[in-house]
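If you want the building blocks of each chain, they are given just below.
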Amino acid sequence: MSSASESPDKATATNPLKHPNSRIAVLTSHFTATMSSEKDAALAAAAAPPPADSPTIFDKIINKEIPAKVVYEDDKVFAFRDIAPQAPTHILLIPKIKDGLTGLSQAEERHCEILGQLLYAAKLVAKQEGLEDGFRVVINDGPDGCQSVYHLHLHLLGGRQMNWPPG
Ligand code: AMP
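Keep in mind it's a predicted model, so treat the numbers as computed, not measured.

## Description of the site of the ligand
Link 1 in the chain: Among the 16 residues in the neighbourhood of the ligand, the closest are listed as Asp82, Asn140, Ser148, His153 and His155.
Link 2 in the chain: Residue Ser148 places a main-chain N or O atom 2.7 Å away from an oxygen atom belonging to the ligand.
Link 3 in the chain: Within the side chain of His153, an N or O atom sits 2.9 Å from an oxygen atom of the ligand.
Link 4 in the chain: Protein chains bury 85% of the 510 Å² of accessible surface belonging to the ligand in isolation.
Link 5 in the chain: Of all the cavities here, the one that holds the ligand is the largest pocket.
Link 6 in the chain: Breaking the shell around the ligand down by element, the ones donating at least two residues are α3 (57–62) and β2 (77–81).
Link 7 in the chain: Residue contributions to the shell around the ligand peak at three residues, all from α3.
Link 8 in the chain: Tallied by class, residues from the shell around the ligand come to nine nonpolar, five polar and two charged.

Here it is in structure tokens:
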């Protein structure tokens, strides 16, 4: 057992994760902080759910009220870089018109076309980004899915080896 007063060398000898400058320790603390802040954001969003079609931060991005790094746009789909990337390439694809699609769980038959267009746009953007070795598309839904913005969006992640199962 090591204590707080132990020297880094002694602590490292028993457990390398305890060395304050250990690369593993730095990475571990980074990923733990990232994971908990995303979960916190999702739980906070779930605790105060907005009315179905009230504007979200993504509406402000579409309307150019706040800046975003836009990578793709067509008449129905808008795509921009995630502000807190979880991979070298992390892009969000959203429908320009939400039409009640706060999340995938709210999808109805009339949404089939836009859902297909979002997936196809993800493929186009993956190609545009040079993700020839593969990529991942994620849709978080509701509190258990860690959704924090209630405007349906696809996460397009790539540029590194993904792991399975996801956290
Ligand atoms: P989710 O947790 O699935 O609802 O994903 C919401 C995503 O939106 C997160 O990955 C955030 O990092 C991202 N995000 C939030 N605000 C912005 C913003 N202003 N610009 C770009 N991405 C954002």
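## Structural notes on the UniProt feature "active site" (unreviewed entry) in the chain
Link 1 in the chain: Per the UniProt record, the feature "active site" (unreviewed entry) sits at His153.
Link 2 in the chain: For His153, the location among the structural elements is in the loop between β4 (136–138) and β5 (154–158).
Link 3 in the chain: Owing to a relative accessible area of 6%, His153 belongs among the buried residues under this scheme.
Link 4 in the chain: Sequence-distant contacts of His153, that is, excluding residues within four places in its chain, are made with Phe58, Leu92, Leu93, Ile94, Val138, Ile139 and Gln147.
Link 5 in the chain: Side-chain polar atoms of His153 contact the backbone oxygen of His151, separated by 2.7 Å.

## Concerning unusual backbone geometry
Link 1 in the chain: Here the residue pair Trp164 and Pro165 is connected by a cis peptide bond, since its omega of 5° sits within 30 degrees of zero.
Link 2 in the chain: With respect to the helices and strands, the residue Pro165 is situated in the segment after β5.
Link 3 in the chain: Phi angles above zero are rare outside glycine, and Cys146 is one such case at about 65°.
Link 4 in the chain: Within the secondary structure, Cys146 sits in the loop between β4 and β5.
Link 5 in the chain: For Cys146, a relative accessible area of 28% puts it in the partly exposed group.

## Observations regarding a nonpolar patch on the surface
Link 1 in the chain: Taken together, the side chains of Leu119, Phe135 and Val137 define a hydrophobic patch exposed on the protein surface, amounting to about 260 Å² of accessible area.
Link 2 in the chain: In this structure, Val137 sits in strand β4.

## Focus: the pattern of salt bridges
Link 1 in the chain: In the structure shown here, the tally under the stated rule is five salt bridges.
Link 2 in the chain: With a closest N to O distance of 3.0 Å, Arg81 and Glu129 form a salt bridge. Taken together, the residues span a long stretch of sequence, with Arg81 in strand β2 and Glu129 in the loop between α4 (112–128) and β4 at a distance of 48 residues.
Link 3 in the chain: Using a relative accessible area of 33% as the deciding quantity, one classes Arg81 as partly exposed.
Link 4 in the chain: Among the residues examined, Glu129 registers a relative accessible area of 21% and is labelled partly exposed.

## Let's talk about the sheet that holds β4
Link 1 in the chain: On the basis of which strands lie adjacent, the open sheet formed by five strands has the order β1-β2-β3-β5-β4 and antiparallel pairing. Lying at the two open borders of the sheet, with one neighbouring strand each, are β1 (70–73) and β4. Each neighbouring strand pair of the sheet contributes to a mean axis angle of 20°, computed without reference to strand direction.

## So, the layout of surface pockets
Link 1 in the chain: Reported here for the largest pocket is a volume of approximately 1,600 Å³.
Link 2 in the chain: When residues of the lining of the largest pocket are traced back to their parent elements, those giving at least two are α2 (23–47), α3, β2, β3 (89–95), β4 and β5.
Link 3 in the chain: Top contributing element to the lining of the largest pocket by residue count: α2, with seven residues.
Link 4 in the chain: Considered as a void within the structure, the second largest pocket measures approximately 190 Å³ in volume.
Link 5 in the chain: Residue lining of the second largest pocket: 13 residues in total, with Lys76, Ile97, Asp99, Ile114 and Gln117 positioned closest to the centre.
Link 6 in the chain: Across the lining of the second largest pocket, the residue classes tally to four nonpolar, two polar and seven charged.

So, how was this worked out
- Residues numbered from 1 in each chain as written.
- Predicted model: local features only at pLDDT ≥ 70, side-chain atom pairs only at ≥ 80, totals over all residues.
- Heavy atoms only, no water.
- Near = heavy atom within 4 Å.
- Polar contact = N/O pair within 3.5 Å; in protein donor to acceptor, adjacent residues only side chain to side chain.
- Areas by Shrake-Rupley, 256 points an atom, 1.4 Å probe, with all protein chains shown as cover.
- 1 Å grid on protein atoms, 1.4 Å probe; cavity = no way out; pocket = protein on both sides within 12 Å on 5 of 7 lines; lining within 4 Å.
- Sits in = over half its atoms within 2 Å of the grid points.
- Helix = DSSP H or I, 4+ residues; strand = E, 2+ residues; numbered from the N terminus.
- Nonpolar A, V, L, I, M, F, W, Y, C, P; charged D, E, K, R; others polar.
- UniProt positions renumbered as here; feature names shortened; annotations may be inferred.
- Buried < 20%, exposed > 50% of the residue type's maximum accessible area, 1.4 Å probe, protein only.
- Contact = heavy atoms within 4.5 Å.
- Patch = residues over 30% accessible without salt bridge, like charges linked within 9 Å, V, L, I, M, F, W, Y side chains within 5 Å.
- Salt bridge = Lys/Arg side-chain N within 4 Å of Asp/Glu carboxyl O.
- Pairing = 2+ DSSP bridges.
- Axes fitted to C-alpha atoms, helices over the stretch in contact; angles between N-to-C directions.
- Points joined across faces, edges and corners; volume = space filled by probe spheres on them.

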